[in-house]
There are 2 protein chains.
Amino acid sequence: MEKSPKEPRAFLPLTAAMYQILVALADGERHGYAIMREVDAQTVGVIKLGPATLYTSLKRLLASGLVEENGDRPDPRLDDERRRYYRLSGLGRQVAIAETDRLEALVTAARRKPAFNEASASP
Amino acid sequence: MEKSPKEPRAFLPLTAAMYQILVALADGERHGYAIMREVDAQTVGVIKLGPATLYTSLKRLLASGLVEENGDRPDPRLDDERRRYYRLSGLGRQVAIAETDRLEALVTAARRKPAFNEASASP
DNA sequence: GACACTATATCACAATCCGATAGATCGGAG
DNA sequence: CTCCGATCTATCGGATTGTGATATAGTGTC
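Cut-offs applied
Residues numbered from 1 in each chain as written. Chains lettered and ligands numbered in written order. Predicted model: local features only at pLDDT ≥ 70, side-chain atom pairs only at ≥ 80, totals over all residues. Heavy atoms only, no water. Helix = DSSP H or I, 4+ residues; strand = E, 2+ residues; numbered from the N terminus. Buried < 20%, exposed > 50% of the residue type's maximum accessible area, 1.4 Å probe, protein only. Contact = heavy atoms within 4.5 Å. Pairing = 2+ DSSP bridges. Salt bridge = Lys/Arg side-chain N within 4 Å of Asp/Glu carboxyl O. Near = heavy atom within 4 Å. Polar contact = N/O pair within 3.5 Å; in protein donor to acceptor, adjacent residues only side chain to side chain. Buried area = accessible area lost by both parts, 1.4 Å probe. Least-squares fit on C-alpha atoms with pLDDT ≥ 70 in both.

Looking now at the overall build of chain A. If you tally the helices and strands in chain A, you get four helices and three strands. Ordering the α and β elements of chain A from the N terminus gives α-β-α-α-β-β-α. Within the span of chain A, comprising 123 residues, buried residues form 42% of the whole. In chain A, of all internal contacts separated by at least 6 residues, the share reaching a separation of at least 24 is 53%.

Set out below in structure tokens:
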């Protein structure tokens, strides 16, 4: 078996913003603005990922190697030339999976507690 | 029926540390050191909740009304007098449930993506 | 009388968030 | 062509949060 050069668990826990970005990139390449809209749509506006958080987080994810940038700029005739496309790295995918596992276990544990199952009040 | 003076969703997303503390308090009253040990046991050491994070987070949770302190100090003959006991407030419980719902939806969405299910095989 | 554990607490620095803002480009209406 | 809203990337600066180190103190134990 191959050993990873970096241990995915060392990156946990991810911040909400970083995890949302990684999840949004799981489908494939996306550019920044598309990530913003996807997170907004997926969370029904609960999580507000503005440009500041997005681009600073993206920069950090690039620096730590969880995300890679596609060096090729798209042909201006086919796509908007300003766009920069990002994708999950192999490490980024492992980290995202590890974080998903962690959250899943946590949610399962929380649901086991009686206080967590009821939505609280009846109408 | 009473309407909540504060909207639980306004507190989302919770930081990892704060959510862990709320989950640890879901079973009932606990003192700080017990929370620390419970989080350490529950996360198998992945999340390290040291005294700095614990007590500063607790102070913030108290200030925002998600957690209440039991004013009574235990009888020294029955329990360690130094202990301070904390419990979830009604609002804190609602916030914890809302965050659990959010995380559950996110994990479910992530699991739907092909890239997130396998621990990664190298072809 | 030193060492480990329990228990609470703060400091100072680092990491991250995020509203505001800005500049560039695109697409279409007038 | 010009204006204008949407798209797209980007940074600044203040605020929030995290955390290793450290302090204090009681309890137990060797």
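As a further point, take the sheet that holds strand β1 (residues 30–31) of chain A. Residue and element names in this part refer to chain A. Pairing in this open sheet of three strands is antiparallel, and the strands run β1-β3-β2 from one edge to the other. Single-partner strands in this sheet number two, and they are β1 and β2 (67–70). Taken together, the four bridges between β2 and strand β3 (residues 85–88) define a ladder with antiparallel strand orientation. Bridge assignment links Glu68 to a residue of β3, and that residue is Arg87.

Residues and elements named next belong to chain B. Reading across from one edge, β1-β3-β2 is the order of the three strands in this open sheet, with antiparallel pairing throughout. Of all the strands in the sheet, just β1 (30–31) and β2 (67–70) have a single pairing partner and so form its edges. Of the strand pairs in this sheet, β1 and strand β3 (residues 85–88) are connected by two bridges, and their pairing is antiparallel. Residue pairing for β3: His31 is matched across the bridge by Tyr85.

A separate point is the pattern of salt bridges. Under the counting rule described, the total for this entry stands at 18 salt bridges over all chains. In this structure, Glu104 of chain A and Arg111 of chain B form a salt bridge, with 2.8 Å as the shortest nitrogen-oxygen distance. Within this pair, whereas Glu104 of chain A is found in helix α4 (residues 90–112), its partner Arg111 of chain B is found in helix α4 (residues 90–112), the two belonging to separate chains. The class of Glu104 of chain A is partly exposed, set by a relative accessible area of 32%. For the salt bridge of Glu69 of chain B with Arg84 of chain B, the shortest nitrogen-to-oxygen distance reads 2.6 Å. One end of the pair, Glu69 of chain B, is in strand β2; the other, Arg84 of chain B, is in the loop between β2 and β3, and 15 residues separate them in sequence. Residue Glu69 of chain B is classed as partly exposed on the basis of its relative accessible area, which comes to 27%. What emerges from the salt-bridge pattern is a single network uniting Asp27, Arg30 and Glu38 of chain A together with Lys113 of chain B.

Attention now goes to the environment of Ile35 of chain A. Residue and element names in this part refer to chain A. Residue placement: Ile35 occurs in helix α2 (residues 32–42). In sequence terms Ile35 and Leu25 are 10 residues apart; their C-alpha atoms lie 7.5 Å from each other. Beyond its immediate sequence surroundings of up to four residues, Ile35 is in contact with Ile21, Ala24, Leu25, Arg30, Leu49, Leu54 and Leu58.

Below, the discussion takes up the protein's contact with DNA strand C. Taken together, 23 residues form the shell around DNA strand C, and within it Thr15 and Ala52 of chain A together with Tyr33, Arg83 and Arg84 of chain B come nearest. Protein-adjacent atoms of DNA strand C, using a 4 Å cutoff, are sugar or phosphate at a proportion of 62%. At 2.9 Å from a phosphate oxygen of DNA strand C is found a side-chain nitrogen or oxygen belonging to Tyr55 of chain B. The side chain of Arg82 of chain B places a nitrogen or oxygen atom 2.9 Å from a base oxygen of DNA strand C. Looking at the surface near DNA strand C, the elements that each hand over two or more residues are α3 (51–63) of chain A together with α2 (32–42) and α3 (51–63) of chain B. For the surface near DNA strand C, the element with the most residues is α3 of chain A, which contributes five residues.

Reports often express the size of an interface as the amount of accessible area lost when the parts come together. Between chain B and chain A, the residue contacts involve 35 residues of the former and 34 residues of the latter. Between chain B and chain A, a total of about 3,200 Å² is buried, with carbon and sulfur atoms accounting for 65% of that surface. Together, Leu106, Lys113 and Phe116 of chain B form the three largest contributors to the area buried by chain B at its contact with chain A, with a combined 19%. Viewed at the interface, chain A and chain B are joined by eight salt bridges. The shortest N-O distance in the salt bridge between Lys113 of chain A and Glu38 of chain B comes to 3.4 Å. Joining chain B to chain A, the criterion identifies 12 residue pairs in polar contact (both at pLDDT 80 or more). In terms of residue count, the dominant contributor to the side of chain B that touches chain A is α4 of chain B (14 residues).

Between the two copies, chain B and chain A, the superposition gives an RMSD of 0.1 Å; the rotation angle is 180° and the shift along the axis is 0.0 Å. Here the copies are linked by what is in effect a two-fold axis. Interface overlap between copies is the fraction of interface residues in one copy that are interface residues in the other; for chain B against chain A it reaches 94%, indicating a shared surface.

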